[in-house]
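# Examining the three-dimensional arrangement
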Amino acid sequence: MIIFTVYTGGIILHFYTSTVLYSIIGILFRGRWLKSFFVLSLVLLVQRVYCQERYILEGYLYDAVSQQSVPDAAVKVNDAAKSTSDEKGYFSLKLPAGEYILSVTHLAYDTLHYKIRIEGNKLLRLELSKKSAVMSEVTVSAKAGNSNTLAPSPQTLTKKDIEKMPAFLGQRDPLKALQALPGSGKGGDGNAGLYVRGGTSGQNLTVFNDAVIYNPSHLLGFFSIFNSSSVSEIKMYKSAIPAEYGGRLSSIIEVNSSKKVVDSVSAEGDVSILAASVNVEVPITSNWSVSSSVRKTFMNYTVWPQLSGLGLSARTFNNIRYDFFDLNLNSNLRIGKSNYLYFSAYNGGDDFGFNARINVNNTMDWQNTASSLTWKSLIGDNVMVNTTASYSGYHFNFGLQQDNFLAGISSDIKDYNLKSIASVYLNKHYLKAGIQYTDHKFRPNTPYITSFGLAYEFGTPNTYYTDEAAVFISDEFQISDRTGIYAGARLTRYRHKGPYTLVNEDKTENSFGSGSVISSFNFIEPSFTLRQSLTNSSSLKLSYSRNVQPLHLISVTAVNFPADFWMPSLSSVPVETGNQISAGYFKNFGRKYESYIDVYYKNMQGLVEFSGGIMNLIDNLKIENNLLFGSGEAYGIEFFIKKKTGKLTGWVGYTLAKSSRNFDDINNGREFPAKYDRRHDLSVVSSYSLNRGWSFSGSFTYATGSAYTSPISRYLISGNVVNEYGDFNGSRMPAYHRMDLSATYKFRPKKRYRTELSFSVYNIYNRQNPIYLYFQAEGNLKEQRIAVSSKSVAILPVLPSINYRLFLKQN
Amino acid sequence: MRKLEAIFLLLFLCGFFGCKKEPSTTSGGYKPKVVVEGWIEQGDYPYVILTRNIPFFSAMDSAQLSNFVIRHAKVSVSDGTQTEILTSKRDTNYFPPYIYRGSEIRGEAGKTYTLQIEFEGKVLVSTTTIPPRVALDSLWFIAKGDNNEKAQLFVKFRDNPNQKNYYKLYTKTGSTKRYTPTLLSNQDDKYFNGKELIIQANRGPVNNLTIKNDPYFAKGETVMVKFSSIPKEGYEFWSSFQDEILNSSNPLIGSTGRIKSNIRGAGIGIWCGYGSFQYQIKALP
């Protein structure tokens, strides 16, 4: 054993041989000569081997898909543990000349066996394939993908891909990039919502460093809150949601900042007419680094005064004010070899206001807060425990004021969350098990009106206290070289707690005190995936999952504005449940192309529609008494092909889909299309790198128009022309299509910095894509003439922008 | 309270967002209905305007417009003891210029009135009551505008704590016959029961055929103010009506398409009793 170690080790080898030597010398001095002779010859052999010239074998480990460094991997030579990769994925070994089998093992990756011949110092670059490749996942991460692995990693968007997409007003947006992938349907201009595989925008769970973000959008949905410089990775699961997540029907969007402990100061900044952002990373000690990023718009100085100058102030409102900010703070601390402590805090908000013509000051503002503390502990070679405590907060306020009249509505959510996951790697199994507890407090509509000092009485604001306790377990099992399965399940106990006043059907009331349980139920969310490799470059994947969502996003506006609010399930508000099956065929064509075809079907129950509008919320009505419930069905086929290398790169994604709804109280129970039912949805993204300096990119998107409810007739009451509406969602908006272009010039890098300048044009042929249609009557009753015309509201015309970026690096 | 809706009308329309004409679209599902607008004021006779709903998108002239007026229905009003058949007359104070009018029954506070309409074999029925009227404590104006050349109306009243009340506030100027609801027109006392309320009144648009609207009055102008108590069904109708009129063109709000009619049968609209006080005041801040 010892000799074997000598053969293959580095520093450890020296320690062992010395120990052996001393013990042998001890034996010799005790005079057991003959018996010891044999041992001595071994020692001589050891010494001889030790004297052989040794070379340094070093290397870096990367994730095959994201190209991020892989830390904490065990690197063994000829099956003996020898080294562990550091934060940069770096490892080094000293080896004598010879031929070796290098094995790299990691909890989350397939074991890599690599045959190597050592004849001198050697530097390796090795790529590891994620075991979770069995899961259907989209990863948007920091570096270019260059996957040549056997395991299919079908839906991959890298940060480089995002950079290649034309930026909207100079802002690159990782969440918006997801919308260019098949199946993650877009809402249209000014709508950050994702309508994944026929679902609703409230069926996506967005988590930032394990803390839930309830409204991940800025500027009425034009941007997401994710500042691309502070994000290292975005993953999206749209089928077979893994068991460690639950509570959403459509998708999980997992956004993470960098977990790297940096060893040098670096900074990155950019400026456009809209905003500036700065991201700084600073090492504090060799085991601790912090990073912070700030993004702040200054449209109140650049954009709005220009618009006012164009005479907009003469219109119905003026003095627009709108700015937003994002603040990220991260701390990454390594404690010893196998413990890490990560802290992340995010705060961001929007502040929107304008004056209407009659001296009314309108304001709309919202804020997201998310913070999390994660302790990652590696236990031995094959166990990792991640424990996270997090807080999420969301606040929305809409208000208006005319002199001494003040009115508005606010909405609040507070979540406290504790989650612990143990990941165990056992030969062909990758097991995960964990527990999670979340405490929610929702206050969806708190109205306020003050008229000349008299505050209107609205009573106690609607407040709902709920909690969820969950256990989950999953296993990824490699049955054979070609076949792998994933099976997971999550069991959740959900409770609605007091204080709450329950109004019974006979109008009697039951009051529940703080902490008492009004209703509770349990649900199970199973998830199953089978992956079968067909050839070295193609595979088949089948998946099924059933999800339960005890939370509803209730849409109160005609477009997806932030006033939409979250409402938890109560005894009178059932949960949303969904079943999804999907089958995908994945094929790579050499190193250049990857492609897939994915077919899905899903059904959903417990979907909600609010029977009123935002104005009804100001009445402090009980939301639970004003909801309509129904079901939905969605199916479709997705096509995707991506060219990954060469001067010209990019992808084409196309989805043919149908999504319908069925509500007893809408359209007399007849089926109707979902609002964002897109029969066709096409995205083309391409980028061309001309030379060292210049690169160009373009994107085109086309989608069937969304459904809306149009009037079928009109009538007159007190001189007003009133619309009478036809079938709910019975009409279609014009198709949505748009092309964006951009050009970037990278200046020659200097020693400590590099810069780039980009020009981009959004909506280059100035397509007026309506977000809303309405019908307006005009005329004069005295002259007895009335004309009705349909009008559309389009918000984003052709928009050119310029953006300057600066990257600084110590050394 | 309902001011929010009113103000939303003015937001975002055609301003920040660009507007553009879209080609007309047609859509099936049209069902002919009788549209009823009827009222009985305390101390006055009942009035009813009957029209049809029509599927129109393009411009209409006076000839087409006159086609959708229902002039030959049998319209009767009953106060429980007495029933009167209303007669149809041309009256250019209203649009369309035909109105059914009574001449015997006069509205009394606290009484319930039943409207019955028989037309082309259909029968439409509705009932309403006239709630007790509530007087304003005071009315005054405050100077507005860049040069204080305009005046804004303020009214004050005290709600009765022992009564369920719904209110509606109107103004008019000049010789027009009909009052126009203010932007903050409908009030529910559940928010201020038994308290004194001051309303900063914004003058409403005459109708939704124009988006031009001045919330203030010209200095020195003679202003008529009507303050009505309305029954619950009237409040629900006018609130939802206002939502639709003001907000259906606003992308922030949209239409809920749910006007709460109190007409039973193949019709839509409102039959409402009003207990009103009217005031005449010069707009002098």
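All of these numbers come straight from a predicted model, not from anything done at the bench. (Residues numbered from 1 in each chain as written. Chains lettered and ligands numbered in written order. Predicted model: local features only at pLDDT ≥ 70, side-chain atom pairs only at ≥ 80, totals over all residues. Heavy atoms only, no water.)

## Section: the nonpolar core
Counting 87 residues, the largest nonpolar core has Ile554(A), Ile623(A) and Val225(B) as the members making the most contacts within it. Ignoring sequence-local partners within four residues, the contact set of Val225(B) consists of Leu136(B), Leu139(B), Leu153(B), Leu169(B), Tyr170(B), Thr171(B), Tyr179(B), Phe277(B), Gln278(B), Tyr279(B) and Ile281(B). Counting residues in each nonpolar core, the second largest holds 27 residues, with Leu57(A), Leu93(A), Leu95(A) and Met384(A) among its members. (Core = buried A, V, L, I, M, F, W, Y, C linked by side-chain atoms within 4.5 Å. Buried < 20%, exposed > 50% of the residue type's maximum accessible area, 1.4 Å probe, protein only. Contact = heavy atoms within 4.5 Å.)

## Concerning empty space enclosed by the protein
Gaps between atoms show up when a probe of the same size as a water molecule is rolled over them. All names here are of chain A. In this structure, the largest cavity spans a volume of roughly 440 Å³. Met165, Lys176, Arg738, Asp740 and Tyr762 are, among the 29 residues lining the largest cavity, the residues nearest its centre. Listing elements by their share of the lining of the largest cavity, those giving two or more residues are helix H5 (174–178), strand E41 (680–689), strand E42 (694–703) and strand E47 (736–746). (1 Å grid on protein atoms, 1.4 Å probe; cavity = no way out; pocket = protein on both sides within 12 Å on 5 of 7 lines; lining within 4 Å. Points joined across faces, edges and corners; volume = space filled by probe spheres on them. Helix = DSSP H or I, 4+ residues; strand = E, 2+ residues; numbered from the N terminus.)

## Details of a nonpolar patch on the surface
Residue and element names in this part refer to chain A. A cluster of nonpolar side chains, contributed by Ile273, Leu648, Tyr688, Leu690, Trp694, Phe696, Phe759 and Ile802, occupies part of the molecular surface with about 660 Å² of accessible area. Among the structural elements, leucine 648 can be located in strand E39 (residues 648–663). Residue class for leucine 648 comes out partly exposed when judged on its relative accessible area of 44%. (Patch = residues over 30% accessible without salt bridge, like charges linked within 9 Å, V, L, I, M, F, W, Y side chains within 5 Å. Areas by Shrake-Rupley, 256 points an atom, 1.4 Å probe, with all protein chains shown as cover. Salt bridge = Lys/Arg side-chain N within 4 Å of Asp/Glu carboxyl O.)

## As for the sheet that holds strand E16 (residues 222–229) of chain B
All names here are of chain B. With mixed pairing, eight strands are arranged side by side in an open sheet as E6-E7-E3-E2-E17-E16-E12-E13. The open sheet has two edge strands, strand E6 (87–90) and strand E13 (180–188), and neither has a second partner. On average, each strand axis in the sheet is tilted by 30 degrees relative to the strand beside it, whichever way the strands run. Bridge count for E6 against strand E7 (residues 98–101) is four bridges, and the pairing is antiparallel. Within E7, the position partnered with threonine 87 by the bridge is arginine 101. Against the sheet, helix H3 (residues 232–247) contacts strand E2 (34–41), strand E12 (166–173), E13 and strand E17 (267–282), and its axis sits at roughly 125 degrees relative to E13. (Pairing = 2+ DSSP bridges. Axes fitted to C-alpha atoms, helices over the stretch in contact; angles between N-to-C directions.)

## Quick look at the packing of aromatic side chains
Taken as a whole and assessed by the stated rule, the structure comprises 41 aromatic pairs over all chains. Measuring from centroid to centroid gives 5.5 Å for Trp39(B) and Tyr47(B), while their planes differ by 10 degrees, and the two rings are stacked. Taking the centre distance of 5.0 Å and the plane angle of 80 degrees together, the rings of Phe237(B) and Trp238(B) count as edge-to-face. Of the two residues, Phe237(B) and Trp238(B), both sit in the buried class. Taken together, the aromatic side chains of Tyr456(A), Phe458(A), Phe157(B), Tyr167(B), Tyr191(B), Phe192(B) and Phe227(B) make up a single cluster linked through ring pairs. When the ring centre of Tyr98(B) is taken as origin, the NZ or CZ atom of Arg71(B), which lies over that ring, is 4.5 Å away. (Phe/Tyr/Trp six-rings, centres within 6.5 Å; stacked < 30°, edge-to-face > 60°. Lys NZ or Arg CZ within 6 Å of the ring centre and 35° of its normal.)

## Comments concerning the pairing of E7(B)
Where strand E3 (residues 46–52) of chain B lies against E7(B), two bridges are found, and the strand directions are antiparallel. Its bridge partner lying in E7(B), Val48(B) is registered against Tyr100(B).

## Topic: H3(B)
For H3(B), built from 16 residues, the straight-helix expectation of 22 Å at 1.5 Å per residue is met to within 8% by its first-to-last C-alpha distance of 22 Å. Across the 16 residues that make up H3(B), a large majority, 13, are buried. (Expected span 1.5 Å × (residues − 1).)

## Section: the pattern of salt bridges
Residues and elements named next belong to chain A. The final tally for this structure, using the stated rule, is 35 salt bridges over all chains. With a shortest N-O distance of 3.0 Å, arginine 117 and glutamate 99 are connected by a salt bridge. Note that arginine 117 is positioned in strand E6 (residues 109–118) and glutamate 99 in strand E5 (residues 98–106), a separation of 18 residues in sequence. Using a relative accessible area of 46% as the deciding quantity, one classes glutamate 99 as partly exposed. Three or more residues are tied together by salt bridges with common partners; here these are Arg197, Lys238, Asp598 and Glu638.

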